[in-house]
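So the chains spell out like this:
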Amino acid sequence: MPRGFLRWEAPAAAKAAGLAGMLMSAGASESLPAAVQPMAERDEAIFLLHTAAEIEHALLIQYLYAAFSFGDRERRQEASGGDLDPGRHGLVFGPGGWNRTIMTIAIEEMCHFITVQNVLRVLGGPPNLDREDLPFRAEFYPFPFALQAATKDSLAKYVAAEMPEAPDEARYPKLREILARADMAVDAGPINRVGRLFTRIHQLIGVLPESAFHAETADSHQAPAGNWQGEELTSLPPNKRAYIVAQFGGTPAEAKAKVLKVLGMIAAQGEGPGTDAAGSHFDLFYRIYHGFPETNPAYGPVVWHPALPVPSHPNTSPQPHPSGSDLNGGRITHDLALLWAQLCNTRYRMLLCAILHSLLIDRNDSNDPAGPQQFAAIVGWSMQPLMKSLRPISNVLTRLPLANANARRDGRSAVAGAPFELPYTLSLPDRQAERWQWHRDLIEASRRLRGAIAADPLTQGDADALRVLKRIEDGDDAMLEDIGAFDQA
């Protein structure tokens with residue numbers, strides 16, 4: 001994405017006072033992102049929606065990594081030889097624990113990500129599954145993309161990014177402390193509040209004529225809520241976790257009204273012009289931060305670490321990075337861990353390709369009557385085996401060493417983590433048959449990596465994970481065999 005076209009200037013008070021100045025200037029009118037060169041309103045809306053899609057993608061992966069950093073629930077129990085006594089285990093893995101809460105937020109970001117694709121479709125724009133990657137810093141991203149364990153520092157960043165325009169300091173008394181800590185944790189300029197971008201998108205969509213909304217795409221190219229385990233809601237009930245995936249059909253006027261309404265619903269969960277309502281991402285991250293033990297000795301004694309010693313910036317680079325030690329500290333060089341990390345990247349790429357493929361299938365194409373069957377198959381594949389394969393792989397990685405040498409992190413033996421590295425391309429071939437062939441190639445790559453892993457002696461936990469992945473791969477093959485009848489020559 002040509003990110004250089006985006007410009008944003010922080011209010012003067014915030015610049016002068018640092019990140020904490022965001023609170024002092026919150027009551028004043030905030031500046032909003034704008035294109036550097038003049039653009040028509042619809043074009044600028046699509047441009048900023050592309051930016052929003054990349055931010056949603058980046059946030060959901062960072063939140064997913066934070067949730068995965070807690071490791072395997074069963075193996076961390078004290079009774080099973082783990083490091084967490086019942087009280088601490090409940091804080092991390094209990095019904096309302098930190099792991100489940102962050103996973104819920106990540107799932108909601110995934111739903112927001114799909115909804116943004118639907119807004120792009122109804123405006124006639126192309127879908128966008130890209131995201132910021134290491135070590136790039138975009139001008140309106142909330143902060144530089146970084147996969148990090150759940151810590152007080154990383155939680156402070158998430159609170160700042162999800163902060164509403166005018167938070168209630170009486171209700172959130174630690175907010176100034178959190179914003180100052182986030183500023184120190186990022187060390188790359190002020191954190192950009194995501195809501196400003198969504199505010200500008202809302203403004204642009206509000207002035208677009210109804211003729212700009214292609215409501216017919218709801219039946220052809222937009223992702224239906226049910227397929228993505230989302231909910232079509234007319235309002236957001238208080239304290240209800242809602243996986244919002246909305247379609248925008250009906251008349252053009254109805255589509256426009258619903259786009260504006262759904263953006264407001266998403267705002268109540270996290271991004272956009274909204275308030276600090278109970279259950280918003282801001283509210284949830286604040287509460288996790290408030291109850292989280294200290295993890296940075298610069299701020300106080302460290303008694304225990306809820307997360308495992310996974311690396312920041314995990315990567316599979318075969319050579320040291322010349323750009324800096326941050327990336328080198330995350331290089332996965334342990335022989336077996338590297339294979340599992342490559343398997344994680346392959347399954348992640350399969351997921352992205354499946355999502356993009358689903359958005360490119362025309363379900364109303366009279367020349368392709370198999371479109372609805374193809375769509376149902378690829379979406380079911382995305383939501384079940386592909387997404388569910390990532391957790392067992394991550395659990396294995398958090399049990400394996402980061403490096404062949406005994407690397408240390410926080411005084412503990414460093415373990416590996418899921419790298420979620422972007423593939424070399426997110427484009428798909430034009431013809432359907434070649435798209436399905438691409439999926440076959442990725443399944444074969446996954447199978448070969450699983451075979452390479454199985455060639456070495458494995459622990460019982462690793463062997464169990466491989467059996468789960470084999471069952472998933474068998475399902476992959478069955479899906480492609482079924483869909484093969486619909487391939488086009």
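Residues numbered from 1 in each chain as written. Predicted model: local features only at pLDDT ≥ 70, side-chain atom pairs only at ≥ 80, totals over all residues. Heavy atoms only, no water.

**Quick word on helix H13 (residues 371-388)**
And step 1. For H13, which comprises 18 residues, the first-to-last C-alpha distance of 25 Å matches the rise-based estimate of 26 Å (1.5 Å per residue) to within 8%.
And step 2. In H13, a bend of some 35 degrees at serine 382 exceeds every other bend along the element, and proline 385, a proline, comes one to four places later. (Helix = DSSP H or I, 4+ residues; strand = E, 2+ residues; numbered from the N terminus. Expected span 1.5 Å × (residues − 1). Bend = angle between axes of the 7 residues up to and from the residue.)

**Focus on the environment of serine 220**
And step 1. By secondary structure assignment, the location of serine 220 is in the loop between helix H8 (195-207) and helix H9 (252-269).
And step 2. Those residues in contact with serine 220 that sit more than four places away from it in its chain are Ile361, Asp362, Arg363 and Asn364. (Contact = heavy atoms within 4.5 Å.)

**Looking at the nonpolar core**
And step 1. Grouped together as the largest cluster of nonpolar side chains are 138 residues, with contacts concentrated most on Trp340 and Phe420.
And step 2. The element contributing the most residues to this core is helix H3 (residues 41-68), with 18 residues.
And step 3. Ignoring anything within four residues of it in the chain, the contact list for phenylalanine 420 reads Ile61, Leu64, Phe68, Arg131, Leu147, Cys344, Asn345, Tyr348 and Leu390. (Core = buried A, V, L, I, M, F, W, Y, C linked by side-chain atoms within 4.5 Å. Buried < 20%, exposed > 50% of the residue type's maximum accessible area, 1.4 Å probe, protein only.)

**Remarks on the packing of aromatic side chains**
The description of an aromatic ring pair uses the distance of the two centres, along with the angle that the planes make with each other.
And step 1. This model, assessed by the stated rule, comprises 11 aromatic pairs.
And step 2. A centroid spacing of 4.7 Å and a plane angle of 80 degrees characterise the contact between tyrosine 172 and tyrosine 286, whose relative ring orientation is edge-to-face. Here the residue tyrosine 172 occupies a position in the loop between helix H6 (152-161) and helix H7 (175-186), and tyrosine 286 occupies one in helix H10 (residues 281-291), the gap between them amounting to 114 residues.
And step 3. Under the relative-accessibility criterion, tyrosine 286 is labelled buried at 5%.
And step 4. Relative to phenylalanine 420, the ring of tyrosine 348 lies with its centre 5.3 Å away and its plane at 90 degrees, an arrangement referred to as edge-to-face. Of the two residues, tyrosine 348 sits in helix H12 (residues 335-360) while phenylalanine 420 sits in the loop between strand S4 (412-413) and helix H15 (432-454), which places them 72 residues apart along the sequence. (Phe/Tyr/Trp six-rings, centres within 6.5 Å; stacked < 30°, edge-to-face > 60°.)

**Points about H12**
And step 1. Spanning 26 residues, H12 covers 38 Å between terminal C-alpha atoms, matching the ideal 38 Å at 1.5 Å per step.
And step 2. By the criterion of burial, H12 is predominantly enclosed, with 22 of the 26 residues buried.

**Observations concerning the packing of H6 against H10**
And step 1. The N-to-C vectors of H6 and H10 enclose an angle of 155 degrees; their axes lie 9 Å apart at closest approach. What the angle tells us is that H6 and H10 run roughly antiparallel. When the axes of H6 and H10 are compared, the crossing they make is left-handed. Along its contact with H6, which presents Lys152, Leu155, Ala156, Tyr158 and Val159, the element H10 presents Phe282, Phe285, Tyr286, Ile288, Tyr289 and His290.
And step 2. Across the contact of H6 with H10, the residue classes tally to nine nonpolar, one polar and one charged. (Axes fitted to C-alpha atoms, helices over the stretch in contact; angles between N-to-C directions. Parallel < 35°, antiparallel > 145°, perpendicular 65-115°, else oblique. Left-handed = near helix turned anticlockwise from the far one by under 90°. Nonpolar A, V, L, I, M, F, W, Y, C, P; charged D, E, K, R; others polar.)

**A few points about the packing of H3 against helix H5 (residues 98-122)**
And step 1. Direction vectors running N to C along H3 and H5 enclose 160 degrees, while the axes themselves pass 8 Å from each other. Considering the angle they form, H3 stands roughly antiparallel to H5. Considering how the two elements wind past one another, H3 and H5 form a crossing that is left-handed.
And step 2. Within the contact of H3 with H5, the residues separate by chemical class into 19 nonpolar, five polar and two charged.

**Some points on the environment of lysine 388**
And step 1. Summarising the element assignment, lysine 388 is placed in helix H13.
And step 2. Lysine 388 sits 84 residues away from isoleucine 472 along the chain, and the two C-alpha atoms are 8.9 Å apart.

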